[in-house]
Amino acid sequence: MPTGPRVIAAVLAGGVGARMGADTPKQLLPLEGRPIIEHSIAAFEACPEVDEIVVLMVDAYLDRVREIVAEAGFAKVGAILPGGATRTETSYAALSATASAADTDLVLLHDAARPLVRAETVAACVSALDSAGAVGVAVPSADTVVRVVPGRGGEAIADVPPRTELRRMQTPQGFRLGVVRRAYELAMADPALVATDDCGVVLRYLPDEEVRIVPGDESNIKVTNPGDVEVAETLLRRMRGRAGAGA
Ligand SMILES: Nc1ccn([C@@H]2O[C@H](COP(=O)(O)OP(=O)(O)OP(=O)(O)O)[C@@H](O)[C@H]2O)c(=O)n1
Ligand SMILES: C[C@](O)(CO)[C@H](O)COP(=O)(O)O
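Because the structure is a prediction, the values reported are computed rather than measured.

**Brief notes about the UniProt feature "site: Positions MEP for the nucleophilic attack" (unreviewed entry) in the protein**
Alright, step 1. Per the UniProt record, "site: Positions MEP for the nucleophilic attack" (unreviewed entry) is found at Arg163 and Lys222.
Alright, step 2. Relative to the assigned elements, Arg163 resides in the loop between β9 (155-159) and β10 (167-176).
Alright, step 3. Once residues within four sequence positions are removed from consideration, Arg163 is found in contact with Ser141, Thr144 and Val145.
Alright, step 4. Along the polypeptide, Lys222 turns up in the loop between β11 (211-215) and α7 (228-246).
Alright, step 5. Residues within four places of Lys222 in sequence aside, it is in contact with Asp111, Ala113 and Arg114.

Quick look at the structure:
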């Protein structure tokens, strides 16, 4: 029987959460009684499109993640590995962990700090990878976004890009493995590498590769600053309320 490509989700949790300023990395903070990272892993565990999950965690907390995975009974988690010093290095470590997969298989790179990702969004990413080598989840910007430069008395506006052309990137960001492997090979050899997301790495190092946008949703927030856990709890309750009303 013909089978499709294998889909591997990588949950990136190698960050220390400096902006959150908590005693532990923010992905271990409780969100309605369960660690944020548990929600993020659970989202992929529940997706029928996903075959396997790899978790990349801050070295000192690997045992804590092993406990979380064992207690939750996540059957798809195949590896729990140390992250890197930057998000980009953690993404690269995730790709190294998929070495036995084929170039035609798919990888979804997801921030552990986005615990509210919906199953529909994951499914849309996987589906877009039927006809694209790289896809990123994004939402329109409600605000006008400007580019700034140093001015005489502080920052000054250099440019106001048309808002209709702007999107705010979220995760997951999904790739055919052959595409993202090639991009990262070039990126990691570049001493001037600066990246804030994985689609940006593909766009920069493989400029001929179209990076497709998949519509995300506003509730897929990245827990980043103090107060964001409370916002995520409110959104989670609202999402559950909607799901309950639709049931
Ligand atoms: N070295 C790193 C840095 C970040 N991340 C992950 O990338 C996601 C988005 O990064 P961010 O929100 O910046 O997390 P932190 O780096 O932990 O936050 P901060 O910048 O405030 O320290 C998070 O799930 C984070 O754990 C990672 O896997 N490895
Ligand atoms: C990948 C990302 O979540 C897309 O918005 C974001 O760029 C991560 O940035 P961070 O500085 O690591 O939070």
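That covers the picture; the talk isn't over yet.
**Comments concerning the sheet that holds β11**
Alright, step 1. The strand order across the open sheet formed by seven strands is β5-β4-β1-β6-β10-β7-β11, and the pairing between neighbours is mixed. Each edge of the open sheet is held by one strand with a lone partner, namely β5 (77-82) and β11. Going from strand to strand, the sheet's axes swing by 25 degrees on average, the running direction of each strand aside.
Alright, step 2. Note that strand β7 (residues 134-140) and β10 share six bridges and pair antiparallel. Considered in β10, the bridge of Pro140 is made with Arg167.
Alright, step 3. Each of β1 (7-13), β4 (52-57), β5 and β6 (106-111) is contacted by helix α1 (residues 36-45), which is oriented at about 175 degrees to β1, the strand it contacts most.

**Digging into the site of ligand 2**
Alright, step 1. Around ligand 2, the structure places Arg87, Asp111, Met169, Gln170, Thr171, Thr196, Asp197 and Lys222.
Alright, step 2. Per-element accounting of the shell around ligand 2 gives the leading share, three residues, to β10.
Alright, step 3. Of the residues in the shell around ligand 2, the class split is one nonpolar, three polar and four charged.

What counts and what doesn't
- Residues numbered from 1 in each chain as written.
- Chains lettered and ligands numbered in written order.
- Predicted model: local features only at pLDDT ≥ 70, side-chain atom pairs only at ≥ 80, totals over all residues.
- UniProt positions renumbered as here; feature names shortened; annotations may be inferred.
- Helix = DSSP H or I, 4+ residues; strand = E, 2+ residues; numbered from the N terminus.
- Contact = placed C-beta atoms within 7 Å.
- Pairing = 2+ DSSP bridges.
- Axes fitted to C-alpha atoms, helices over the stretch in contact; angles between N-to-C directions.
- Near = placed C-beta within 6 Å.
- Nonpolar A, V, L, I, M, F, W, Y, C, P; charged D, E, K, R; others polar.

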